[in-house]
Amino acid sequence: EVFSASGPGARRAAVRVALFVVGVTGALATRPARALDPEKPLGAYTVRVWRAADGLAGDNVQAIAQTTDGYLWIAGSTGLARYDGGGFELVYPRKDTVLRSLLDQDVRKILARRTGPLWMATAGGSGGLVLYGGRMQPIEAGVAVGPKAVIRAMHEDRQGVVWLVTHRGDLIRLDGTTATTTRLPRGTAARPVVLNDARGRVWVGGLGGLFVRQAPGESFALGLGPGGPVQAGVGVRAIHEDRSGGIWVGADRALWRFDGERFAEAGPGGGDVGVGRIEDILDDRDGSVWIAGATGLARYRQGRIETFRESDGLPDPSITALFEDHEGSLWVGTYAGGIAQFTDRTLPTASQPDLREAWIDAVCEDAQGRLWLGVRGRQGPALVEDGRVTWVAKELQSSMRACLPRPDGSIWLGTTDGGLALWRAGEIERRLATSGMVTALAGDGDERLWVGTAKGLERVEGRDVHSVGMEQGLPRQRISTLSPDRAGNLWVGVQGRLWRQSAGRFELVPDLPNVRSVYHDDDDATWLATVQGLYRVDARRRQRFEIRATFDLTLPPDPLHQILSDRAGHLWLMGSHHILRVARRALDEYARGLRRELEVVAFDTSDRRRGIVVSRDEPAAVEGADGRLHFATRQGLVSFDPAGVTTNALPPPIVVQKVVVDGLVAPPGASFSSPPGSGTVEIHYAALSFQEPQKNRFRYRLDGFDDRWNEAGVRRAAFYTNVPPGRYRFQVQGSNNDGVWNTEGASFALTLAPRFHQTGLFLALCVAAGLALVWFAYHLRLRALRTRYTAVLAERTRVARDLHDTLLQSMTAVWAELGAVTSRLPDAASAERGRLRAVADVVAKSLEDTRHFVADLRDRAGGKGDLARALTLLARRLSRQGAVPCTVEAIGVAWTLPQQVASELYRIAQEALRNALKHAGAGRVTTRLEYGNRTITMVIKDDGRGFDPTLAHAPAHEHFGLLGLRERAERIGATLSIESALGAGTTVTVTWRAAGRGLSDG
């Protein structure tokens, strides 16, 4: 949806933006960000510069604004750029020739509305543009402005009313859909500025002077009447209302403040603040007023003015725009040098010229609060008092390598050439020689001194120097640290190993890595800074803490070299590249298992070009009597008040910037449904925290695909491949440079449409096709079986026919001839007649058996599966032959049986019926077929003589064919049971169950 300045679209957009502000920035209101520390000199701020080569729309910056979603916008001579912390993106309109031609010119003014959208005014007119959700279109209110009007000033007051000044000198008030136009006095059309203050006064300035309207309906007056300091012809380029209601006016070379009753000069000599023509004014949330001038930047606070010029680090002397973002950083736009960001997130280094970027080996503070610094390459120490540097004790002829203040105001100085001197009241009182370069000093009394040298430990008593060697258990090697604990025992670092004095001897503290610094706290615990992290040693146990900055969790631990404690309960650790802060309470909770991670804040120095390179030996860090901490580095002395060091407590706004699915970029919005593709997803996101954006960290997950959060570190994009079709929600959370997380984060709904082969319809079609193939294969198999059965039946019929036409005819002729011969024999040949009759009986029996065999060959054994009909025909035939009643009864709804099943059941019935008629002497035989849904049961029962079932398998009973019955039943998977008893008849029961679902009716 494209936002418009009025109508339903505007209201819907306003609601969405309001919800966003409540859900994201509203949560931040309880922890407001601080502005730049007003107590720091301007040179102590960190300045970062971007130019056109870094993505800006030209080096000429016209205006700066920040929208409610957290993006920073910079208007330049060639268009508009958006900053997300990772870089600048040039913003261009869509393929609209009118909008493109407008935006390709200067973007002179931008206005970030409280309702969300960004308004722009270009040098080419059009009445302004609105940018919202990645789309641009002319503002509807531009109808009142005129399509050819050039907007030269834009302002939104506290009520959300927009005020515009055009090149014709028209003042346009836009309140929702209502536009009111007022003609301004002459002299305001050239470079105008406009302000509607909290009291309803409208201020308009231009090259023709300052004009004010006290109330609606009144006329504009010049300079607030005759007493006003701004007269006709004095150019006014900046008007600003501060947080207390004061009105600041910037002119050619003067700055005034109107407190409601009168004007007052803000600078000496007629209000000149020393930066030339004033272009912009800004007051930050700590009350400092920043002035952008043609020759530099000025800060006005409590009557003091401090300037910052090109020689101090400005990219260009002429400043065109000022802006304070939601984290308190100051953004400075210049005429030809791009844009600069001022932050005070870093720790200041010494500003004295003699100490700036000096290699400092040692630092300590004496009883008078003065700092003594050992500077490499300089003879004698540097004495810092009230910000002034004095070089003393130059007669030492070498630089100070270690120092130890004494309560009486004197100080021991150890040098690089092996000398030890006591400085008192401005002169060297005593000098002693040591065996090597002094690396550390520690005392346990007025006249007793421990001296660490490059060749071992020595002890000074009075004017005597004694070596401490192997007889006390300590090796004669380089000493790196000396630290007496509260019990008076001395801890000694020797070549990285740690030794502890006890009962006059030194014992090695085992299982410790290279120890660089030792600190004893008030709880009798000893803290050790080592190359492998932080250790705590007490009477109970030894605990190791892996100290890492929150933004460096993916990197190896930074070696620690110095350790101090502040009065708020923090430990300050000097690493190789950062100074780290961690709460001792958090360390205690970590040691007791009450927390899983340590929140460690990392600080840089104000000069980021080199980072921190530490001095690794004692004493390279000290806490002053006033609570300030001092660290010696190879780029100068880092000194700061830990109570004044602030961290970024604002969780950053998180945005999903771009979603690419299978190469297709999703349009702006909170959701996207993609066409069918391969499931490759690329999602770009950002945390809109700008203090140190390179330290922002992220984690994300794709609900429906990921089962846990993915820790992305500083990576600003997520990549997925082979994501199956479905509905997903991408969630991302991010933290700022100090590890403060926005757990609400941002989300994006994503629907991946399936390809045809991934749809349920395709799966159903595949199942249906598979079932059709099975059905087709089954019927092919059935057809093949029927074909084979028909062929076998035809062959059986042929064999039966041949047997009938040959063997049966021949046997019949033989039997008839035997009968004729037998009848013609005389009575005397009775014996021969008996033999012939016996032969004739055998032939008759064989003839009968052959007829049965031929009948069996011709029988279809079930008649295509109609078992009941086939058994009925069989019973009739056998009943006629044996003169015994045979009946067949069918119960249930008959259905078609498989051919093989019907054939085997028929053969079983045939054999059982013949046995009953031939061997059992039955007077009646019944056959019953019971059809079920999935079963068929055949019961054949006779009332014959029966038999003993235990003899069924005996050879004498093999003619009953019982074994054949069982074999046929097993062939089709049926169950067969035979119940019989002598004189009680026989019952044969066969049950067959169909596999799968129920069968259809036949």
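Look a little higher up for the structure.
Below is a short write-up of the structure. Small disclaimer: the values here were computed from a predicted structure and weren't measured. (Residues numbered from 1 in each chain as written. Predicted model: local features only at pLDDT ≥ 70, side-chain atom pairs only at ≥ 80, totals over all residues. Heavy atoms only, no water.)

With that out of the way, let us pick up the nonpolar core. For soluble globular proteins, the rule of thumb is that nonpolar side chains tend to be buried together. In terms of nonpolar packing, the biggest core is built from 37 residues, with L867, L905, M938 and W992 touching the most fellow members. Not counting residues within four places of it along the chain, the set of residues in contact with W992 comprises W895, L897, P898, V901, R934, T935, I936, I972, G973 and A974. A63, V91, I339 and L688 belong to the second largest nonpolar core, which has 29 residues in total. (Core = buried A, V, L, I, M, F, W, Y, C linked by side-chain atoms within 4.5 Å. Buried < 20%, exposed > 50% of the residue type's maximum accessible area, 1.4 Å probe, protein only. Contact = heavy atoms within 4.5 Å.)

To continue, consider the side chain of D37. Turning to its location among the elements, D37 is positioned in the loop between α1 (7–23) and β1 (46–50). Within the local environment of D37, its side chain forms a polar contact with the backbone nitrogen of E39, the two atoms lying 3.0 Å apart. Among all residues touching D37, those that are not within four sequence positions of it are Y45, R299 and D344. (Helix = DSSP H or I, 4+ residues; strand = E, 2+ residues; numbered from the N terminus. Polar contact = N/O pair within 3.5 Å; in protein donor to acceptor, adjacent residues only side chain to side chain.)

With that settled, the discussion passes to the packing of aromatic side chains. Taken as a whole, this structure holds 28 aromatic pairs when the rule is applied. Ring plane angle 80° and centroid distance 6.2 Å describe the contact between Y700 and Y720, whose orientation is recorded as edge-to-face. Linking Y700 in strand β60 (residues 697–703) with Y720 in strand β62 (residues 717–720), this pair joins segments that are 20 residues apart in sequence. In this structure, Y700 and Y720 share a single accessibility class: buried. Among the aromatic residues, those joined into a cluster by ring pairs are Y685, F698, Y700, F705, Y720 and F730. In this structure, R378 is placed above the aromatic ring of W391, and the distance from its NZ or CZ to the ring centre is 3.8 Å. Positioned above the aromatic ring of W741 is the side chain of R699, whose terminal nitrogen or guanidinium carbon lies 3.8 Å from the ring centre. (Phe/Tyr/Trp six-rings, centres within 6.5 Å; stacked < 30°, edge-to-face > 60°. Lys NZ or Arg CZ within 6 Å of the ring centre and 35° of its normal.)

Let's shift gears to the sheet that holds strand β63 (residues 726–735). Within the open sheet, the five strands sit side by side as β58-β64-β63-β60-β61. Their pairing is mixed. Here the strands that pair on one side only, and so sit at the sheet edges, are β58 (671–674) and β61 (710–713). Here the average twist between neighbouring strands, direction ignored, is 25°. Here four bridges tie β58 to strand β64 (residues 741–752), and the two strands are oriented parallel to one another. Among the inter-strand pairings, S674 is bridged to a residue of β64, identified as L752. (Pairing = 2+ DSSP bridges. Axes fitted to C-alpha atoms, helices over the stretch in contact; angles between N-to-C directions.)

Most of strand β2 (residues 61–66) is tucked away, with five of its six residues classed as buried. Sheet analysis places β2 next to strand β3 (residues 72–76), joined by five bridges and oriented antiparallel. Residue A63 lies in a different strand from β3, and its bridge partner there is A75. The loop that links β2 with its antiparallel partner β3 comprises five residues; one of these, G70, has a positive phi angle of about 105°.

Here we come to the state of the cysteines. Enumeration over the complete set of coordinates arrives at one disulfide. The partner cysteine of C364 in its disulfide is C403, sulfur to sulfur 2.1 Å. Linking C364 and C403, the disulfide has an S-S dihedral of approximately -140° and is accordingly described as left-handed. In this pair, C364 is assigned in strand β29 (residues 360–365) and C403 in strand β33 (residues 400–405), connecting sequence segments 39 residues apart. In this structure C364 comes out as buried when scored by relative accessible area, which is 4%. When its relative accessible area of 4% is taken as the criterion, C403 is described as buried. (Disulfide = S-S within 2.5 Å.)

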